[in-house]
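Descriptive analysis of the structure
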Amino acid sequence: MGDLRKTFHVRDYDLDATLSSGQAFRWQQLGQAWEGVIGGRWVRLRLSKGDITAEAAKPVRDWAWLEHYLQLHFNLDQALATFPDDEPMQNAVASFPGLRLLRQDYWECLASFILSATKQIVQIRQMVMLLSKRYGEPIASNDDDPAFAFPTIKVIAACGEKELRECKLGFRAPNLLGAARDILDKKIDLQRLPTLTSSEARKELMKLHGVGPKIADCVLLFAGGHQEVFPVDVWIERALQQLYFPKRRPSAKQLRKFADTHFGPYAGFAQQYLFHHARVHLKLK
DNA sequence: TGTTGACCTCT
DNA sequence: GAGGTCAAC
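Scope of this entry: the structure provided in the associated data block. Small disclaimer: the values here were computed from a predicted structure and weren't measured. (Residues numbered from 1 in each chain as written. Chains lettered and ligands numbered in written order. Predicted model: local features only at pLDDT ≥ 70, side-chain atom pairs only at ≥ 80, totals over all residues. Heavy atoms only, no water.)

Here we come to the protein's contact with DNA strand B. In the vicinity of DNA strand B, the residues found are Lys119, Arg165, Gly170, Phe171, Arg172 and Lys253. Within 4 Å of the protein, the contacting atoms of DNA strand B are drawn from sugar and phosphate to the extent of 55%. Between DNA strand B and Arg172, the relevant distance is 3.1 Å, taken from a base oxygen to a side-chain nitrogen or oxygen of the residue. Residue Lys253 places a side-chain N or O atom 3.1 Å away from a phosphate oxygen belonging to DNA strand B. Partitioned by chemical class, the residues of the surface near DNA strand B number one nonpolar, one polar and four charged. (Near = heavy atom within 4 Å. Polar contact = N/O pair within 3.5 Å; in protein donor to acceptor, adjacent residues only side chain to side chain. Nonpolar A, V, L, I, M, F, W, Y, C, P; charged D, E, K, R; others polar.)

Two strands pair when backbone bridges link them, and strand β3 (residues 33-38) and strand β4 (residues 41-48) are joined in this way by six bridges, in the antiparallel orientation. For Ala33, the partnering residue across the bridge sits in β4 and is Arg46. The hairpin turn running from β3 into β4, its antiparallel successor, is two residues long, and Gly39 in that turn takes a positive phi close to 60°. As paired strands, β4 and strand β5 (residues 51-60) are joined by six bridges and run antiparallel to one another. Its bridge partner lying in β5, Ser48 is registered against Asp51. Hairpin connection of β4 to β5: two residues between the antiparallel strands, including Lys49 at a positive phi of 50°. (Pairing = 2+ DSSP bridges. Helix = DSSP H or I, 4+ residues; strand = E, 2+ residues; numbered from the N terminus.)

Further remarks concern the protein's contact with DNA strand C. Around DNA strand C, the surrounding shell holds 21 residues, and the nearest of these are Gly22, Lys119, Ile121, Trp235 and Phe275. The share of sugar and phosphate among atoms of DNA strand C within 4 Å of the protein is 63%. The separation between a phosphate oxygen of DNA strand C and a polar main-chain atom of Gln120 is 3.4 Å. One nitrogen or oxygen atom from the side chain of Trp235 is found 2.6 Å from a phosphate oxygen belonging to DNA strand C. Those elements giving two or more residues to the surface near DNA strand C turn out to be α11 (213-222) and α12 (234-244). Considered class by class, the residues forming the surface near DNA strand C number ten nonpolar, seven polar and four charged.

Turning to the nonpolar core, a few remarks are in order. Counting 74 residues, the largest nonpolar core has Trp107, Leu110, Leu205, Leu240 and Phe263 as its most contacted members. Top contributing element to this core by residue count: helix α5 (residues 106-115), with eight residues. Setting aside residues up to four positions removed in sequence, Leu110 forms contacts with Ile183, Leu205, Leu208, Val211, Ile215 and Val219. Membership of the second largest hydrophobic core comes to 22 residues, among which are Leu19, Leu45, Leu70 and Leu72. (Core = buried A, V, L, I, M, F, W, Y, C linked by side-chain atoms within 4.5 Å. Buried < 20%, exposed > 50% of the residue type's maximum accessible area, 1.4 Å probe, protein only. Contact = heavy atoms within 4.5 Å.)

What follows is the structure, encoded as structure tokens:
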């Protein structure tokens, strides 16, 4: 009938770095464990001695959803081997070896990054939590309080801008609302995105209200698995600036071009290493 | 084609 | 001043 627990043997998997690196916003660290919601399921994860142990609230027959989300079968060595052989990249990898890319749900990822505009990770988490508590389906957890799924497109689209602003969304409220309504109005078809190339999918995503190149790229990378896509945000701009061009100040366009040509077929993966390394270890300005 | 300010609210 | 976008120069 399925199990409440399951152990996966892993090699080079830094769960802490991966879940806190700002690619997903639903994870909470409690002691040694991480609690979160993936789709409609609550789960608690713990890494120890090369094993990830997962604990569910209800018996699970098939754990494929979790293996997919955590990308447990991804060949990390193969990706790392394609990175440029330069000092900034080596330092970034050395500082968090085992940092991974998750594979998230398109809508949740899209919505989360729409909310990310000029916000820090802590605050993005806060907005996502408020939205889920208020508009998401309650689901079973092993804690005293129930957990909540991320709200559906339909539910968000039916909200008023004013109620969304009450979840501390500020000027992001009309953007989230607009994107949800655009999708319901079939301005784009989320189901079809996985069948498109990354540049086709980027064009589609950017048809949505409030979605520009940065958010589109984050969705391509974190939900679509387009690992060659390199989202450029202000952190990465500063990091590239400091690490690769300490003596001059390239234009945004030049940095964009550098990002697109320097990092190879797993550029998005490389970006994640640089991003996390910069955020934790570098003084940027 | 490239740059600048407005947009909410909170630390 | 914050992990962005859009519209107006």
